[in-house]
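Listed below, chain by chain, are the residues.
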Amino acid sequence: MVQQLSHYLNGARVPGSSGAFSDVYNPSTGEVQAQVPLASVDEVREAIAQAKRAQPAWAATNAQKRARIISRFVDVAYQHEDELAELLSLEHGKILDDAKGDLQRGLDVMEFATAAPHLLKGEYSTGVGTGIDVYSMRQPLGVVAGITPFNFPAMIPLWKAAGAIASGNAFILKPSERDPSVPLRLAELFTEAGLPDGILQVVNGDKTAVDEILDHPDIKAVGFVGSTPIAASIYSHAAAKGKRAQCFGGAKNHMVIMPDADMDQAADALIGAAFGSAGERCMAISVAVPVGVETHQIIRDKVLERAQRLTVGHSLAQDSDFGPVVSPEAKERIEAAIARGVDEGAELILDGRHPEVADYPNGFYIGATIFDHVTPGSSLHADEIFGPVLSIVPAADYDAAVEIIHGHKMGNGVAIFTRDGDAAREFAAGIEVGMIGINVPIPVPIAYYTFGGWKASGFGDLNQHGPDAFRFYTRTKTVTQRWPSGIKDGASFVMPTGN
């Protein structure tokens, strides 16, 4: 039976009224398991209106009380960890352990947001002039929104919501219509933890909902994660409407393997980083850059041998190393990218198209795929494939490896594997990429640092989570004050100074 999903508005699930729906698949079986309503303009406007009515009281709530509600939510969410992971796995296709990691990384950021009483503190200076003090305060923006992708249906909505809600804003979430059940369930758990109605609104939808969020004057800031063309479009649209925006786009993450690296460690790292979650991660390593002829041959052999042993299968099967991709369209797109790579002359040393998965012939499966001798600038190297496809781009030396990375338009994450501290230090300081791993293949920063890419991978001045989130979701007000104390200095026609 196909389940009918809903929106989550004012503390309750609300059926859609637009009459438009989108299918939600079980990627492991290929079956439609649910339908999600796509909001009309009027439904989005009503969600925003409810949030606007609820927000002033939430902003006036003591920051420590807001933090306590967030802390209770984290506890409640962990109590439902198994339920949430299975729900996520069945809609997205990632295996259960990976689904639990998706949830945990989101809750890590929620835990950091409980530091709101400290992170929202202003500054105070006394005696800047005769009898004059100056202080600043951070205040919420009002109603803000997040537009989040399918690949992390727990983590990224929680990243976006954490700083927004902790800072005293009301938050409109427009999750991916491909896997909306986890965001809806998380909203219910927030209500269970004591979040006031209307502070977290989940509006399912497509471009109609996105456009209304971008156009509506009561939305003061927008966060987005998705492909680079859409990130750039949303950033420019939001900015033209006078909204704050932080928009994170695509990635093509490289891993440099130096001749002195531990080759087994590097090969194991490549396997997990390239093929985990079927490659549907913005931090996946999709390009291996071995330095030198000998390193190239060793890495090629070791990665191929390991990849041939991987099992792609049902997301709930215990022996699956990774599951299907999210949709039939994603499968078709990835297979087309593999075909283009063959046409361009790259050497296909492992073809993951059309794997046999017993009992699930209609699932959206693609096995581990490896190309060697990929040319920089070819479609395999230039395009974000977002699937279990690894390209090997050999480099003659360290400088050539850096040139390959700097020649790419994206700059999300990068890694280097080496035993040489000098090389690692030079790489970290000089590479034009936002997040660096040294002998770490997927350098996603911990919750109290900030996450964000450079170049065409990120648009906006502030990044996700960490202190940047509180800066993004608040604005600073500065007060200069003097209390009457018998001073009579007459009118002044010059700028006040500290003299």
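Everything numeric here is computed off the predicted structure, so don't read it as measured data.

1. Points about the packing of aromatic side chains
(1) Moving on: Taken as a whole and judged by the stated rule, the model has nine aromatic pairs.
(2) Moving on: Note on Tyr-25 and Phe-364: the rings are 5.3 Å apart at their centroids and 85° apart in plane angle, and the pair reads as edge-to-face. Here Tyr-25, found in strand β4 (residues 21-26), pairs with Phe-364, found in the loop between β15 (347-350) and β16 (369-372); they are 339 residues apart in sequence, far enough to count as distant.
(3) Moving on: Judged by centre distance (5.0 Å) and plane angle (75°), the ring pair of Phe-472 and Tyr-473 falls under edge-to-face. Residues Phe-472 and Tyr-473 agree in their burial class; the two are buried.
(4) Moving on: In this structure, Lys-94 is placed above the aromatic ring of Phe-152, and the distance from its NZ or CZ to the ring centre is 4.0 Å.

2. Quick look at the environment of Glu-356
(1) Moving on: Positionally, Glu-356 belongs in the loop between β15 and β16.
(2) Moving on: Owing to a relative accessible area of 81%, Glu-356 belongs among the exposed residues under this scheme.
(3) Moving on: For the pair Glu-356 and Val-312, spaced 44 residues apart in sequence, the C-alpha separation works out to 8.9 Å.

3. Considerations on the UniProt feature "domain: Aldehyde dehydrogenase" (unreviewed entry) in the chain
(1) Moving on: When the UniProt feature table is mapped onto this chain, "domain: Aldehyde dehydrogenase" (unreviewed entry) is found at residues 22-479.
(2) Moving on: Measuring from the first to the last C-alpha atom of residues 22-479 gives 50 Å, for a span that is 42% helix and 21% strand.

4. A few points about the pattern of salt bridges
(1) Moving on: A complete count under the given rule lists 23 salt bridges for this structure.
(2) Moving on: Between Asp-215 and Lys-241 there is a salt bridge whose closest N-O contact spans 3.8 Å. Note that Asp-215 is positioned in helix α8 (residues 207-215) and Lys-241 in the loop between α9 (228-240) and β12 (244-248), a separation of 26 residues in sequence.
(3) Moving on: With a closest N to O distance of 2.7 Å, Arg-471 and Asp-468 form a salt bridge. With a gap of three residues between them, Arg-471 and Asp-468 both fall in helix α16 (residues 467-472), about one helical turn apart.
(4) Moving on: Accessibility expressed as a relative area gives 40% for Arg-471, which makes it partly exposed.
(5) Moving on: Since its relative accessible area comes to 12%, Asp-468 is described here as buried.
(6) Moving on: It is possible to trace a salt-bridge network through shared partners that takes in Arg-13, Glu-83, Arg-185 and Glu-188.

Definitions and cut-offs
- Throughout this description, residue numbers start from 1 for each chain and increase along the sequence as written.
- Side-chain atom pairs in this predicted model are given and counted only at pLDDT of 80 or more, local residue features only at pLDDT of at least 70, and totals for whole chains, interfaces and linings cover all residues.
- As a rule here, side-chain values come from all non-hydrogen atoms in the structure, and water together with hydrogens is ignored.
- Note on aromatic pairs: the rings of Phe, Tyr and Trp (six-membered ring only in Trp) are paired at centre separations within 6.5 Å, and the planes decide the class, stacked below 30 degrees, edge-to-face beyond 60, tilted for the rest.
- Helix numbering and strand numbering both begin at the N terminus, where a helix is a DSSP run of H or I of at least 4 residues and a strand a DSSP run of E of at least 2.
- Each residue gets one of three labels from its accessible area relative to the maximum for its type: buried under 20%, exposed over 50%, partly exposed in between, using a 1.4 Å probe on protein chains only.
- Either the NZ atom of lysine or the CZ atom of arginine qualifies as a charge over a ring when it sits within 6 Å of the ring centre and within 35 degrees of the ring normal.
- UniProt positions are given in the numbering used here, feature names are shortened, and annotations may be inferred rather than shown by experiment.
- We count a salt bridge whenever a side-chain nitrogen from Lys or Arg sits within 4 Å of a carboxyl oxygen from Asp or Glu.

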